[in-house]
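The chain contents come next:
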Amino acid sequence: MYGSENNREDSERTAFRRTEKKYKLYYDNNASSKNKKNKQPKPVDLTEVLDFRSILECHNRNAELPQGVVVLQDKFSSPVFSLQNHPGFYFIPGALSIEKQCDLIRESLTEFPQPPNRTNHNAIYGPIHDLFVAAKEGKVLVEEKSPVTSHECSSDLDCRDGEEWKFFTEKEASLRKSRSVSGSSLLRKLRWSTLGLQFDWSNRNYNVSLKHNKIPEALCELAKQLAKPALPAGVEFQPEAAIVNYFASGDTLGGHLDDMEADWSKPIVSLSLGCKAIFLLGGKSREDAPLAMFLRSGDVVLMAGEARECFHGVPRIFADKENAEIGHLEAQLAHEDDLCFLNYIQTSRININIRQVF
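Residues numbered from 1 in each chain as written. Predicted model: local features only at pLDDT ≥ 70, side-chain atom pairs only at ≥ 80, totals over all residues. Heavy atoms only, no water.

Participant: Can you help me understand the overall build of the protein chain in this one?
Facilitator: Helix and strand content of the protein chain: 12 helices and 17 strands. Residue burial in the protein chain is summarised as follows: out of 358 residues, 49% are buried. Contacts in the protein chain between residues far apart in sequence, at least 24 positions, make up 75% of those at least 6 positions apart. Accessible surface, the protein chain: about 17800 Å² in total, of which carbon and sulfur atoms supply 48%. (Helix = DSSP H or I, 4+ residues; strand = E, 2+ residues; numbered from the N terminus. Buried < 20%, exposed > 50% of the residue type's maximum accessible area, 1.4 Å probe, protein only. Contact = heavy atoms within 4.5 Å. Areas by Shrake-Rupley, 256 points an atom, 1.4 Å probe, with all protein chains shown as cover.)

The following block contains the structure:
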């Protein structure tokens, strides 16, 4: 999972790496524009990117499909597409309703990062409560010296001797002579959170002893329904763990395998929320040229069986207004109470991938 290259120079020469670089966000080197916000992205050729929404629209009009694309429609409420050259891969365009997308965006920002669920911030700051609320209120996380010692800390809290971090108002934080970081900065640097069984990144495996909250029942039921196309009749998906990935403009997810679960016949159920992205589906070797496809908010991808052995990644997020394609979210989140969520998702993408571990 998320494996790194042993030899960077060699990785630059693989087919997967070359395709990543082809679609990655680069800016024109305009000497007159030192501010990155004013720089223009370099044009990228998107003509070879598979567009399942267009395929669905075309199929609905005249029942035509591109070569190598198969539709499974009889047993499911909405069309499910598969690829002849990638057994075990399924794509369900627009599978999530607008209401469900907005609900999951809210939960991903407020509930899913809550302790004892772990995030990428745990290693430095320990568990952070109510990060989204603190960012919304302009609070600052401040280091406090505490008498807590290592033997009093649970292993799942990533405690360090005498270190504790708490949120304060900006005025309170300015009076303390300690290290600090704004809540808004932490929110923008949030990269992942875990639900259900917790993945131990240091040992690259699931650690059932780590304290955790179960995956919310509604999300479990949704995943069970969505997983059906990738399972034999009568076999039920059992959601046990999930990783929520948070992407901002310029962020990427390098080519990797999701190979830490015991049973690869069970699918990974992957939900896309927010800005449009490009997803790469490769083969069992990085030398296999990957297929590029668009992922939009509400799309669902399933990977089971042989597809679990395929390298995949996300080289590009489209966070600009012209290409993000989130008008439906902007309309749904226009209420005053939702503006904080709208401000975040207008330049971000969230991916929830749900797994059966055992």
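Continuing now.
Participant: How do you make sense of the pairing of strand β4 (residues 140-145) when you look at a structure like this?
Facilitator: Moving residue by residue along a regular strand, the side chains alternate between the two faces of the sheet. Taken across its 6 residues, β4 has 5 buried, putting it largely inside the fold. Where β4 meets strand β6 (residues 180-182), 3 bridges bridge the pair, whose relative direction is antiparallel. Paired with valine 142 across the two strands is serine 180, which belongs to β6. (Pairing = 2+ DSSP bridges.)

Participant: Hey, could you run me through the sheet that holds strand β11 (residues 253-256) in this one?
Facilitator: As a general point, the strands of a sheet are linked pairwise by backbone hydrogen bonds and lie either parallel or antiparallel. In spatial order, the strands read β11-β16-β13-β14; together these 4 strands make up an open sheet with antiparallel pairing. In the strand order of this sheet, the two ends are held by β11 and β14 (291-295), each with one partner. Pairwise comparison of adjacent strand axes, ignoring direction, gives a mean angle of 25° for this sheet. Where strand β13 (residues 277-281) and β14 come together, 5 bridges link them in antiparallel fashion. Across the sheet, alanine 277 pairs through a bridge with leucine 295, a residue of β14. (Axes fitted to C-alpha atoms, helices over the stretch in contact; angles between N-to-C directions.)

Participant: Any chance you could explain the environment of glutamate 330 here in plain terms?
Facilitator: For glutamate 330, the location among the structural elements is in helix α11 (residues 327-332). Separated by 15 residues in sequence, glutamate 330 and isoleucine 345 have C-alpha atoms that sit 8.9 Å apart. Contacts of glutamate 330, omitting those with residues within four sequence positions, involve Lys321, Leu342 and Gln346.

Participant: Mind showing me how you'd approach the nonpolar core here?
Facilitator: A general feature of soluble globular proteins is that nonpolar side chains tend to end up buried together. Judged by nonpolar contacts, the single largest core of 69 residues is most densely connected at Phe89, Leu219, Leu271, Ile352 and Ile354. Looking at this core element by element, the count peaks at 6 residues for helix α9 (residues 217-227). Beyond its immediate sequence surroundings of up to four residues, isoleucine 354 is in contact with Ile215, Leu219, Ala223, Phe237, Pro239, Ala241, Ala242, Pro267, Ile268, Val269 and Leu271. Among the nonpolar cores identified, the runner-up in size contains 10 residues, and Phe16, Tyr23, Val49 and Phe311 belong to it. (Core = buried A, V, L, I, M, F, W, Y, C linked by side-chain atoms within 4.5 Å.)

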